[in-house]
Amino acid sequence: MSAVVASLVSYRSDSDSENESESNTCAEKVHPEEPDATAHLKPRQPGHTMTLAVLNSAPEVAVKESVETGTHLDPSLKEVTYNPTYETMFAPEFGPMNPFKSQQMAAPRNMLSGFAEPAHVNDFMFEQQRRTFSTYGYALDPSVDTHQVSCNSYIGAVDEAEKNKGLSVFESGPKKSEKRRKVKGGDAGEIDTFLGPWAKYADEKDGAKPSEEEQKELDEITAKRQKKGRNEEDAPAEEKTILHVKDMYDYQGRSYLHVPQDVGINLRSAEAPDKCYLPKKQIHVWSGHTKGVSAIRLFPSSGHLLLSSSMDCKIKLWEVYEERRCIRTFIGHSKAVRDICFNNTGTKFLSAAYDRYLKLWDTETGQCITRFTNRKVPYCVKFNPDEDKQNLLVAGMSDKKIVQWDIRTGEVVQEYDRHLGAVNTITFVDENRRFVSTSDDKSLRVWEWDIPVDFKYIAEPSMHSMPAVTLSPNGKWLACQSMDNQILIFGAQNRFRLNKKKVFKGHMVAGYACQVDFSPDMSYVVSGDADGKLNIWDWKTTKLYHRIKAHDKVCISALWHPHETSKVITCGWDGQIKLWD
């Protein structure tokens with residue numbers, strides 16, 4: 001420890017001696033004759049030691065008074081990290097002028113855009129001049145004294161200012177017009193001639209007849225409207241038909257509508273098969289549609305023919321047995337066909353399409369008999385199944401109405417207008433005395449035939465839209481494809497109550513109106529789904545028994561043949577119709 005202290009003392013004494021020697025040598029002048037002064041210029045001699053001359057690196061210099069001392073601030077600085085004095089902050093700028101500054105930038109400025117003189121403008125005056133300028137295009141020049149207003153004291157549209165005598169918006173408002181004069185009402189004593197407060201105005205016109213110019217305009221508008229309407233009404237495509245088989249009639253003169261009796265099954269019997277089985281494999285594909293198939297319908301009672309409608313605007317008739325050929329194509333819609341429906345005998349059928357037309361066709365000849373439209377898109381169409389009402393049809397429209405037409409006259413005979421959304425399905429129940437309709441308003445309504453007020457309205461907060469409904473073969477149940485991926489069963493006889501025990505789940509249909517069907521013996525329920533699968537449930541247990549990958553796209557409809565034990569027909573948006581057994 002003592003050694004450390006000793007070294008510190010010696011260090012201090014050394015530094016002291018150095019300081020003293022510095023102060024001594026400051027006063028003395030170094031003579032160039034002394035050998036040490038020029039020692040650095042000579043080569044070093046061996047054996048000689050050198051002594052270093054101590055130099056004063058910062059000698060005192062006599063200061064001239066005109067030279068300014070102190071720190072200078074850079075004028076472009078935005079922030080100063082110490083407290084400068086007032087003199088420092090407001091000292092004149094030093095250094096050369098910036099040669100790159102424009103005249104405008106070099107000019108004195110107290111704001112970003114230049115130098116603003118102190119002035120006071122009343123808020124009201126400013127707003128008045130601003131509005132006057134935006135309305136008339138002129139305003140008072142703010143640099144001119146307002147007491148000496150002349151033509152030169154306006155800026156903007158000076159001509160306008162002269163024309164309006166320099167009036168502002170608030171001054172040049174519309175003058176109050178004189179009150180309209182009424183016709184003198186006569187003497188109050190004279191009852192016949194006295195008009196009183198009911199007198200007409202002197203300049204009042206009685207007739208509302210348009211003048212010649214107005215009449216011209218009106219005529220032009222009406223002509224345009226009629227033209228527009230005509231274009232739309234001319235829209236129905238030309239109907240034609242193509243027969244694909246060689247002979248329309250056989251050797252006995254029977255057409256293809258004749259029910260065949262050589263197919264190994266009695267197609268004329270009214271009884272359903274006793275027991276049905278699950279279809280296992282695909283046995284045939286009908287391909288002919290170029291776009292997705294939207295609906296398929298079997299020929300009434302016999303089911304020996306199949307009618308299909310498609311998004312390629314065509315309707316095709318196919319054989320279900322024997323060669324399974326395409327018999328006839330019906331062409332007559334300009335947009336996709338949405339729905340089709342046979343009459344009771346199958347001799348005629350209806351088609352509804354997105355071109356807003358309903359068309360009645362002859363199944364045998366392929367001719368279009370009549371067409372109906374009310375300028376709205378029909379979403380579903382049905383014949384009244386009663387034998388004595390085969391001339392009446394009902395169609396659910398996109399404008400929330402159900403419209404009833406008479407085929408014989410072609411006129412609308414009834415409108416059922418209670419739904420709050422487009423009508424999706426119509427299903428006849430209770431021996432065709434009533435029909436059930438479903439809609440986008442997520443409700444189910446039951447109507448008496450020909451009475452335009454629904455006598456039952458079913459809507460629950462938990463209910464979803466049901467765009468496909470099928471009546472069971474025994475007429476007791478309605479199977480409704482609900483958009484929450486389940487099939488709901490409603491009673492179809494009097495109460496129309498939801499059967500909570502029978503809910504068929506396990507398929508994905510949200511967003512698609514996949515048609516449901518029952519097996520003829522009521523033991524199975526079949527439906528397509530959005531993945532193109534055919535789903536088969538057991539009616540009693542509601543278990544999903546079987547799933548078959550039927551189509552590449554949506555499987556939109558599945559029909560169980562009414563006379564067969566296990567034949568199911570499916571159609572999909574891949575344009576194919578398939579037969580499973």
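Residues numbered from 1 in each chain as written. Predicted model: local features only at pLDDT ≥ 70, side-chain atom pairs only at ≥ 80, totals over all residues. Heavy atoms only, no water.

## Looking at the packing of aromatic side chains
Applicable threshold: Here a Phe, Tyr or Trp ring, Trp counted by its six-membered ring, pairs with any other such ring whose centre lies within 6.5 Å, and the pair is stacked when the planes are under 30 degrees apart, edge-to-face when over 60, and tilted otherwise. Accessibility here uses a 1.4 Å probe with only protein chains present; expressed as a share of the type maximum, an area under 20% marks a residue as buried, one over 50% as exposed, and anything in between as partly exposed. A run of H or I in DSSP becomes a helix once it reaches four residues, and a run of E becomes a strand once it reaches two; helices and strands are each numbered from the N terminus. Two thresholds decide whether a charge sits over a ring: the Lys NZ or Arg CZ must be within 6 Å of the ring centre and within 35 degrees of the ring normal.
Taken as a whole, this structure holds 24 aromatic pairs when the rule is applied. Geometrically, the ring pair formed by Tyr86 and Phe90 is tilted, given 4.8 Å between the ring centres and 35° between the ring planes. On the basis of relative accessible area, Tyr86 is assigned to the exposed category, the value being 60%. Look at Phe504 and Trp539: their rings are 5.9 Å apart centre to centre, the planes differ by 25°, and that puts the pair in the stacked class. Pair noted here: Phe504 is in strand E24 (residues 498-505) and Trp539 is in the loop between strand E27 (533-538) and strand E28 (544-549), with a separation of 35 residues, a long-range link. Grouped by ring-pair contacts, the aromatic residues Phe299, Phe330, Phe342, Phe349 and Trp361 constitute a single cluster. Across the ring face of Tyr201, the terminal group of Arg180 is positioned such that the distance to the ring centre comes to 4.1 Å. The residue whose ring lies beneath Lys502 is Trp539, and the NZ or CZ to ring-centre distance is 5.1 Å.

## Observations regarding the nonpolar core
Selection criterion: Buried Ala, Val, Leu, Ile, Met, Phe, Trp, Tyr and Cys residues that are joined via side-chain atoms within 4.5 Å together make up what is termed a nonpolar core. What makes two residues a contact is simply this: any of their non-hydrogen atoms within 4.5 Å.
With 20 residues, the main nonpolar core has Trp286, Ile296, Leu306, Ile569 and Ile577 as its most contacted residues. If one sorts the elements of this core by residue count, strand E5 (residues 293-298) sits on top with three residues. In contact with Ile296, not counting residues within four places along its chain, are Leu306, Leu307, Ser308, Ser557, Leu559, Ile569, Thr570, Cys571 and Ile577. Grouped together as the second largest cluster of nonpolar side chains are 18 residues, Tyr256, Leu307, Val337 and Phe349 included.

## Let's talk about helix H4 (residues 123-136)
To keep it simple, the criterion reads: Here a helix's expected span is defined as the number of its residues, less one, multiplied by 1.5 Å. What the arc covers is the set of directions going from the helix axis to the C-beta atoms. Polar contacts, as used here, are pairs of N or O atoms within 3.5 Å; protein pairs need one atom able to donate a hydrogen and one able to accept it. Residues neighboring in sequence count only if both atoms are side-chain atoms.
Helix length check: H4, at 14 residues, gives a terminal C-alpha distance of 20 Å against a target of 20 Å (1.5 Å per residue), a fit within 8%. Of all the residues in H4, the buried ones are Gln128, Gln129 and Thr132. For H4, the angular spread of the buried residues around the axis is 95°, confining them to a single face. Across H4 from its buried face, at more than 90 degrees, point the exposed residues Asp123, Phe126 and Ser134. At the N-terminal boundary of H4, the capping side chain belongs to Asn122, with an oxygen 3.2 Å from the backbone nitrogen of Phe124.

## Digging into the confidence of the model for the protein chain
Detailed conclusions should not be drawn from predicted coordinates in areas where pLDDT is low. How we decide: A residue's pLDDT is the predictor's confidence in that residue, given on a scale from 0 to 100.
Across the protein chain, the average pLDDT comes to 86, with 87% of residues at or above 70. When the criterion is pLDDT under 50, residues 22-30 qualifies, and its contacts beyond four places in sequence or with other chains add up to three contacts.

## Some thoughts on the environment of Ala353
Following the sequence through the fold, Ala353 ends up in strand E10 (residues 348-353). A sequence separation of 21 residues divides Ala353 from Gly332, and the C-alpha atoms of the two residues are 9.9 Å apart. Residue contacts for Ala353: discarding those within four places in its chain leaves His333, Lys335, Ala336, Val337, Arg338, Val377 and Pro378.

## Looking at the sheet that holds strand E7 (residues 314-319)
Put simply, the test is: For two strands to pair, DSSP has to find at least two bridges joining them. With axes taken as lines fitted to C-alpha atoms, and helix axes fitted only over the stretch in contact, angles between N-to-C directions fall between 0 and 180 degrees.
Read across the sheet, five strands follow the order E3-E8-E7-E6-E5 without closing on themselves; strand pairing throughout is antiparallel. Two strands bound the open sheet, and with one partner strand each, they are strand E3 (240-243) and E5. On average, adjacent strands in this sheet sit at an angle of 15° to one another, irrespective of strand direction. As judged from the five bridges shared by strand E6 (residues 305-310) and E7, these two strands associate in the antiparallel manner. Bridge pairing in E7 links Leu305 to Glu319.

## Side note on the side chain of Ser482
One can find Ser482 in strand E22 (residues 477-482). Once residues lying within four places of it in the same chain are set aside, the contact partners of Ser482 are His464, Ser465, Met466, Leu488 and Val509.

## A few points about the side chain of Ser437
Topologically, Ser437 is positioned in strand E18 (residues 434-439). What makes Ser437 buried here is its relative accessible area of 0%. At 2.8 Å, the side chain of Ser437 forms a polar contact with the side chain of Trp447. Setting aside residues up to four positions removed in sequence, Ser437 forms contacts with Ile402, His419, Val423, Thr425, Ser443, Leu444, Arg445 and Trp447.

## Comments concerning the sheet that holds strand E9 (residues 337-342)
Remark on secondary structure: sheet strands pair via backbone hydrogen bonds, oriented parallel or antiparallel. Read from one edge of the open sheet, four strands run E9-E10-E11-E12, paired in antiparallel fashion. Each having just a single partner strand, E9 and strand E12 (368-372) make up the two edges of the open sheet. Strand-to-strand twist of the sheet, defined as the mean angle between neighbouring strand axes without regard to direction, takes the value 20°.

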